[in-house]
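Geometric and topological summary
Single-letter residue listing:
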Amino acid sequence: MNEEHLSRIQAIAEAALLAAGKPLSLDQLRELFTEDERPARQVMEHVMMLLGNACEGRGFELRKVASGYRLQVREEYAPWVSRLFEEKPQRYSRALLETLALIAYRQPITRGEIEDIRGVTVSSNIIRTLLEREWVRVVGHRDVPGRPAMYATTRQFLDYFNLSGLDQMPPLSEIRDLEEIGREIEKSIQAEIEFDSTPAEPGEDNPPGETLH
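Residues numbered from 1 in each chain as written. Predicted model: local features only at pLDDT ≥ 70, side-chain atom pairs only at ≥ 80, totals over all residues. Heavy atoms only, no water.

1. Focus: the side chain of Asp159
The topology assignment puts Asp159 in helix H8 (residues 155-160). Salt bridges are absent for the buried Asp159, whose nearest opposite-charge side chain, Arg70, sits at 5.5 Å. Not counting residues up to four positions away in its chain, the partners in contact with Asp159 are Pro23, Val65, Ala66, Ser67 and Arg70. (Helix = DSSP H or I, 4+ residues; strand = E, 2+ residues; numbered from the N terminus. Buried < 20%, exposed > 50% of the residue type's maximum accessible area, 1.4 Å probe, protein only. Lys, Arg positive; Asp, Glu negative; His and termini not counted. Salt bridge = Lys/Arg side-chain N within 4 Å of Asp/Glu carboxyl O. Contact = heavy atoms within 4.5 Å.)

Right, dumping it as structure tokens:
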């Protein structure tokens, strides 16, 4: 395949990613082409590497996340770009962030198990918000009386935090407690340019969470 053909595939992939506004997998990108012109998967991977290299030194980057590839503003330019928008990034309560952290690190986990670790009741609004944001989902039910739902993180959770897999999360041994995990998640959230209209959770005066072991 000559350089001109590769450049054309790269331009088509770039245009698709700009138009999609969401991550696209290699297979989704390959499906843009008719069967007789569809690049092999290995060729498509090479094209994405070329596209990533072409973004060097620019205000945006090609990022691989759980759902595929996306073009996004580089984090260091977010403070300036965010001034284009009147709506400010949401702020979430520490209770919500700690709950999300426990689900991410201890999944699958039930609401009761989260409450046992945190030592306080988990608000139904927190669970509903996490489900509505599609950051967590029900993956089954614990085989105990009442059959409580078990929660785990989703592909959308990985995409939002620029992760391609859970193995990219900081090792639990490097994080002292739930409050520190909450701060790290909040830092990641504030670094994103997010313009969703979902109401933020109100702050809650909960006692400090227990240390994760």
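The rest of the description comes next.
2. Considering the sheet that holds strand E3 (residues 109-110)
The sheet built from three strands is open, its strands ordered E3-E5-E4 with antiparallel pairing. Both edges of this open sheet fall to E3 and strand E4 (136-141), since each of them pairs with a single strand only. As defined by bridge partners, E3 adjoins strand E5 (residues 149-153) across two bridges and the pair is classed as antiparallel. Residue pairing across strands places Ile109 opposite Tyr151, the latter belonging to E5. Sitting on the sheet, helix H5 (residues 94-106) touches E3, E4 and E5, and the angle it makes with E5 is about 90°. (Pairing = 2+ DSSP bridges. Axes fitted to C-alpha atoms, helices over the stretch in contact; angles between N-to-C directions.)

3. Observations concerning the pattern of salt bridges
Two side chains that carry opposite charge are able to pair once their charged atoms sit near each other. Here the structure, examined in full by the defined rule, presents nine salt bridges. For the salt bridge of Arg30 with Asp27, the shortest nitrogen-to-oxygen distance reads 3.6 Å. Within this pair, Arg30 and its partner Asp27 are both found in helix H2 (residues 26-30), separated by three residues, close to a single helical turn. What makes Asp27 partly exposed here is its relative accessible area of 40%. Its salt-bridge partner being Glu61, residue Arg74 comes within 3.5 Å of it at the nearest N-O pair. Taken together, the positions of Arg74 in the loop between strand E2 (68-73) and helix H4 (78-81) and Glu61 in strand E1 (residues 60-65) put the pair 13 residues apart, joining distant regions of the chain. Neither residue differs from the other here; Arg74 and Glu61 are each classed as buried. A single salt-bridge network, built from bridges that share partners, covers Asp27, Arg30 and Arg41.

4. Notes on the packing of H5 against helix H6 (residues 111-118)
At their nearest, the axes of H5 and H6 sit 11 Å apart, and the two run at 115° to each other. Between H5 and H6, the angle falls in the class roughly perpendicular. Here H5 and H6 pass one another in a crossing that is right-handed. Counted together, Ala95, Glu98, Thr99, Leu102, Ile103 and Arg106 of H5 and Ile114, Ile117 and Arg118 of H6 form the full contact between these two elements. (Parallel < 35°, antiparallel > 145°, perpendicular 65-115°, else oblique. Left-handed = near helix turned anticlockwise from the far one by under 90°.)

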